[in-house]
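A structural walkthrough
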Amino acid sequence: MNDISNTLMNIYQQLGIRDAVYQYGESFLRQLAPRFAEIDQTAEYNQLKILQAMQKNRVSDTHFAATTGYGYNDLGRDTLEQVYADIFHTEAALVRPQLTCGTHALAIALFSNLRPGDELLSPVGKPYDTLESVIGIQEAMGSLKEYGISYRQVDLLEDGSFDYPAIEKAIQEKTKLVTIQRSKGYQTRPTLSVQRIGELIAFIKKCKPSVLCMVDNCYGEFVEPIEPSDVGADMVVGSLIKNPGGGLAPIGGYICGKKVCIEQAAYRLSAPGLGKEVGASLGLNQSFYQGLFLAPTVVAGALKGAIFAANLYENLGFRVIPNGTESRHDIIQAIEFGCPEGVIAFCKGIQAAAPVDSFVVPEPWAMPGYDSDVIMAAGAFVQGSSIELSADGPMKPPYAVYFQGGLTWYHAKLGILKSLQQMVQEGLVQINPVVIH
Ligand SMILES: *Cc1c(COP(=O)(O)O)cnc(C)c1O
């Protein structure tokens, strides 16, 4: 063993990782090297794609200047939107701190492109929790339903495939917009690859060419070399405190798509007659540009963490979704522990590895909108940022923990090793000594 590996083991030890746990982790890393190389290659491609867009648009330090008030002629903001449009290969983009989160961006995209009497269709089952209120699946003040916009849903088939006959039947005179969620979110269905999304969009457009296809792209950006807008989506929507903000954006959302869709969204976000012209960037442009620039490597780190954890815990006998060998289309990893102690120990480990609030011990608690106690681990620079290493789990069967993020692979690795160390210390798992050759 060379000097640096001894030094490394030393510092892991100081951070509370015992030798057995460290070696157990290392034994998987050797095996995972080819997959990590593939992830690095995707990151390399996306990095170059972003650089190319920034160079083409002649991004300059003048674009980082703050605007205030109405924000007329905010060159930094307008150029950033062109950079996003070029990366996603769309006609236009809306990238704003005034889009306060992913749900808000999705709500703006929906409310602006739908009119009373129109129908919204989800052909991939129930959408993300927060959209239930937006749509009116759950009664909520100001929902689409309240505005006379109806909703229809076609669930995925048992095996996760699209129910094409039911989708064809569901597309009717009133159907104006189809919403497709790329990530599984906190469900157990498989995440959709961009290619599968493309197949679905092609089918929908064949049934009714005038229908708009929107993709909820949250957690999916830069995981693959192509995005849903490369396979026919009219709009892709996401949050800047997830993948594309690269951990630096302190707030924000984006909508990229057809010019007419983006104009509708801009008039809804500000006001009819104002649209994209207003909306000061308040000095946030630099973190938006720089975060976007870093996003491909940040996403790569998060992906490596997810795959590392999947392999470690799968080998210990837990059900992991996706499994250790499946191809990845988002950064979320679920692990079923089958008992509350497992979920709690895992979250304690993640928290203890954080750069911020590492000294805090997470505990299950009642949370609004949940029907059981929930435990959450997050020690983030940006509050609620889930591109940073974070985990949460509802305290009910199957006692699964969902975790995602990690601004660097090394941090994700420490978090996962800390979680395993915690499990070992509490006697929840046993790892056999690994023989190193
Ligand atoms: C996070 C997420 C959202 C909502 O984003 P927020 O920023 O939390 O409002 C919507 N859809 C999916 C799939 C998500 O992962």
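Below is a short write-up of the structure. What you see is a predicted model; the values in this text were computed from it and never measured.

Ile-321 connects to Pro-322 through a cis peptide bond whose omega is 0 degrees. Within the secondary structure layout, Pro-322 lies in the loop between strand S8 (319-321) and strand S9 (333-336). Despite not being glycine, Leu-282 has its phi angle at roughly 55 degrees, a positive value. In this fold, Leu-282 is placed in the loop between helix H8 (259-269) and helix H9 (285-315). Phi angles above zero are rare outside glycine, and Asp-357 is one such case at about 60 degrees.

Applying the stated criterion to the full structure yields 20 salt bridges. The shortest N-O distance in the salt bridge between Lys-56 and Asp-86 comes to 3.0 Å. Of this pair, Lys-56 sits in helix H2 (residues 19-56) while Asp-86 is found in helix H3 (residues 75-87), placing the two residues 30 residues apart along the sequence. Judged by relative accessible area, which is 18%, Asp-86 ranks as buried. Ionic pairing is found between Glu-426 and Lys-348, a salt bridge with its closest N-O pair at 3.9 Å.

Right, let's get into the nonpolar core. Across soluble globular proteins, nonpolar side chains show a tendency to be buried alongside one another. The biggest cluster of nonpolar side chains holds 101 residues, and the ones touching the most others in it are Tyr-84, Ile-180 and Tyr-313. Apart from the residues within four sequence positions on either side, Tyr-84 is in contact with Ala-93, Val-95, Leu-240, Pro-244, Tyr-254, Cys-256 and Leu-292.

With mixed pairing, the seven strands of this open sheet are ordered in space as S1-S7-S6-S5-S4-S2-S3. Whereas interior strands pair on both sides, the edge strands pair on one side only; in this sheet they are strand S1 (92-96) and strand S3 (150-153). Looking at each pair of strands side by side, their axes are set apart by 20 degrees on average, direction ignored. The pairing of strand S2 (residues 119-122) with S3 spans four bridges and is parallel. From the neighbouring strand, Leu-121 faces S3, where its bridge partner is Arg-152. Each of S1, strand S5 (212-216), strand S6 (235-239) and strand S7 (253-257) is contacted by H8, which is oriented at about 30 degrees to S1, the strand it contacts most.

A few words on the packing of aromatic side chains. If you walk through the whole model with that rule in mind, you get 19 aromatic pairs. Ring plane angle 90 degrees and centroid distance 5.4 Å describe the contact between Phe-308 and Trp-409, whose orientation is recorded as edge-to-face. Of this pair, Phe-308 sits in helix H9 while Trp-409 sits in helix H11 (residues 409-425), and the two are 101 residues apart along the sequence. Residue class for Trp-409 comes out buried when judged on its relative accessible area of 12%. With a centroid separation of 5.1 Å and 65 degrees between ring planes, the pair formed by Phe-318 and Phe-337 is classed as edge-to-face.

How each quantity is defined
- The numbering scheme is per chain: residues are counted from 1 as the chain's sequence reads.
- Predicted model: local features are reported for residues with pLDDT of at least 70 only, side-chain atom pairs are reported and counted for 80 or more only, and whole-chain, interface and lining totals are derived from all residues.
- To get the side-chain values, all heavy atoms of the structure are used, and hydrogens and water are removed first.
- Counting from the N terminus, the helices are DSSP H or I runs at least four residues long and the strands are E runs at least two residues long.
- Any Lys or Arg side-chain nitrogen found within 4 Å of a carboxyl oxygen on Asp or Glu counts as a salt bridge.
- Buried, partly exposed and exposed residues are distinguished by accessible area as a fraction of the type maximum, computed with a 1.4 Å probe on protein chains only: under 20%, between the cut-offs, and over 50%, respectively.
- Here, nonpolar core means buried Ala, Val, Leu, Ile, Met, Phe, Trp, Tyr and Cys residues that are tied together by side-chain atoms lying within 4.5 Å of each other.
- Throughout, a residue-residue contact means that at least one pair of heavy atoms, one from each residue, lies within 4.5 Å.
- For two strands to count as paired, DSSP must find a minimum of two bridges between them.
- Angles shown run from 0 to 180 degrees and are taken between the N-to-C directions of axes, each axis being a line fitted to C-alpha atoms and, for helices, limited to the stretch in contact.
- In this analysis, rings of Phe, Tyr and Trp, with Trp reduced to its six-membered ring, are considered paired at centre separations within 6.5 Å, and the interplanar angle assigns stacked below 30 degrees, edge-to-face beyond 60, and tilted for intermediate values.

Fair warning: the whole summary comes from geometry, so function is off the table for now.
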